Amino acid sequence: GAVVSQHPSWVICKSGTSVKIECRSLDFQATTMFWYRQFPKQSLMLMATSNEGSKATYEQGVEKDKFLINHASLTLSTLTVTSAHPEDSSFYICGSGQGAREQYFGPGTRLTVT
Amino acid sequence: QKEVEQNSGPLSVPEGAIASLNCTYSDRVSQSFFWYRQYSGKSPELIMSIYSNGDKEDGRFTAQLNKASQYVSLLIRDSQPSDSATYLCAVNGRTGNQFYFGTGTSLTVIP
C-alpha cells in the first residue's frame, strides 16, 4: 500500500498559538489528501479535502479560517490550526489514495492545547 | 441519519473463534467499502476493500457486501489476541473521493 508520513507525531502548544502539521506521500503523487480529526473513543471525522494547486474543500461545520490547508505540491499537504484552543486538542490524521480506491493514513498527530 | 453505522461493542470472542463485525450505510450511491483496524493511539490500517456484491477472502479475513441491503460485514476466522483492536467500516461518499467512517467496533480476543 501507499506510504503516508506525518510530522510531528505529537505537539503541545499554548492556547492562542498556531500549529502546523505536515502530511507527505512518500511513494506516490497525491493530487488529493484528506484531513481527519478523531476525538477519544470516537471515529474519524473528515474535516477537509486538500487539492493540489487549488483551494481545499471543507466539510460542513469546519471553519476554513481556523484550519488552514495548503497543498502546494503533489507530495505535501499542510494543516495549520490557527489560534488553537483546548477544544482543538485531538488526534489529527491525514489520508491519501487513488480516488475511490484504498485510502492510506499517516501515523497521526496528537495535538494538546494547554 | 449517520452515513455509516456500526455496533460499538465491545465484542469479546475466545481465541480461535470467529469474530463477526457488521456495518450498514445510508447512501445507495456508495461504490467502495473498506474495513480498517485501529489499535489504541495509532492511525487506522487498511485490512480489506470490497467493491462488488458477495464475499472477498484474504487470509483469515472475509468481507461480505450486500448492496441491496446496504450492508457490509467482516469475518475474522481463528481470532488471535493480536486481533484485539477497534475495527472501522468506511464507505466512499457521493463525490467518490471522500470516505466516511463508522464509529468502530471494539473487539477483544480472549486468550
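Shown above is the structure to which this text applies.
Since the structure is predicted, the reported quantities are computational estimates derived from the model, not experimental observations.

Each value, and the rule that gives it
- Residues numbered from 1 in each chain as written.
- Chains lettered and ligands numbered in written order.
- Predicted model: local features only at pLDDT ≥ 70, side-chain atom pairs only at ≥ 80, totals over all residues.
- Heavy atoms only, no water.
- Helix = DSSP H or I, 4+ residues; strand = E, 2+ residues; numbered from the N terminus.
- Rg over C-alpha atoms; globule rule 2.2 N^0.38 Å.
- Buried < 20%, exposed > 50% of the residue type's maximum accessible area, 1.4 Å probe, protein only.
- Contact = heavy atoms within 4.5 Å.
- Pairing = 2+ DSSP bridges.
- Axes fitted to C-alpha atoms, helices over the stretch in contact; angles between N-to-C directions.
- Polar contact = N/O pair within 3.5 Å; in protein donor to acceptor, adjacent residues only side chain to side chain.
- Phe/Tyr/Trp six-rings, centres within 6.5 Å; stacked < 30°, edge-to-face > 60°.
- Lys NZ or Arg CZ within 6 Å of the ring centre and 35° of its normal.
- Buried area = accessible area lost by both parts, 1.4 Å probe.
- Salt bridge = Lys/Arg side-chain N within 4 Å of Asp/Glu carboxyl O.
- Nonpolar A, V, L, I, M, F, W, Y, C, P; charged D, E, K, R; others polar.

Caption draft 1: Just the overall build of chain A, in detail. A count of helices and strands for chain A gives 0 helices and 11 strands. Counting helices and strands in the order they occur from the N terminus, chain A gives β-β-β-β-β-β-β-β-β-β-β. Taken over the C-alpha trace, chain A has a radius of gyration of 13 Å; the compact-globule value for 114 residues is 13 Å, and the two agree within 12%. Projected onto its principal axes, the C-alpha positions of chain A cover 35 × 25 × 25 Å. In chain A, which comprises 114 residues, the proportion classed as buried is 49%. Partitioning the intrachain contacts of chain A with sequence separation of at least 6 by distance along the chain shows that 52% fall at a separation of at least 24.

Caption draft 2: Representation of the sheet that holds strand β6 (residues 54-58) of chain B in the model. All names here are of chain B. If you trace the 5 strands from one edge of the open sheet to the other, you get β1-β3-β8-β7-β6, paired in antiparallel fashion. Each of the sheet's edge strands pairs with one partner strand only, and the pair in question is β1 (4-6) and β6. Neighbour to neighbour, the strand axes of the sheet diverge by 20 degrees on average, direction disregarded. The sheet contact formed by strand β3 (residues 19-25) and strand β8 (residues 71-76) spans 6 bridges and is antiparallel. Directly across from Cys23, in β8, lies its bridge partner Val72.

Caption draft 3: Representation of the side chain of Gln6(A). Residue and element names in this part refer to chain A. As for its position among the elements, Gln6 is in strand β1 (residues 4-7). What makes Gln6 buried here is its relative accessible area of 9%. Among the polar contacts made by the side chain of Gln6, one reaches the main-chain amide nitrogen of Cys94 at a distance of 3.1 Å. When neighbours within four sequence positions are excluded, Gln6 is seen to be in contact with Ile21, Glu22, Cys23, Trp35, Tyr92, Ile93, Cys94, Gly106, Pro107, Gly108 and Thr109.

Caption draft 4: Up close: the packing of aromatic side chains. Applying the stated criterion across every chain, the model contains 9 aromatic pairs over all chains. Between Tyr36(B) and Phe101(B), the ring centres sit 5.6 Å apart and the planes meet at 55 degrees, which makes this aromatic pair tilted. Of this pair, Tyr36(B) sits in strand β4 (residues 33-38) while Phe101(B) sits in strand β10 (residues 99-101); the two residues are 65 residues apart in sequence, bridging distant segments of the chain. The burial state of Tyr36(B) is the same as that of Phe101(B); both residues are buried. Linked through ring pairs, Tyr36(A), Phe105(A), Phe34(B), Tyr36(B), Tyr51(B), Phe99(B) and Phe101(B) together constitute an aromatic cluster. Of note, Arg110(A) hangs over the ring of Phe91(A), and the distance from its end group to the ring centre comes to 4.4 Å. The ring of Phe61(B) has Arg60(B) lying over it, and the distance from NZ or CZ to the ring centre is 5.5 Å.

Caption draft 5: Inspection of the interface of chain B and chain A at higher detail. On the side of chain A, 22 residues touch chain B, which itself brings 21 residues to the contact. Surface buried jointly by chain B and chain A totals about 1600 Å² across both partners, of which 54% is contributed by carbon and sulfur atoms. For the pair chain B and chain A, the number of links is 0 salt bridges. Along the contact surface separating chain B from chain A lie 5 residue pairs in polar contact (both at pLDDT 80 or more). Put simply, the parts of the chain that give the side of chain B that touches chain A at least two residues each are β4, β5 (45-50), β9 (85-92) and β10 of chain B. Of the residues contributing to the side of chain B that touches chain A, the split by class is 9 nonpolar, 11 polar and 1 charged.

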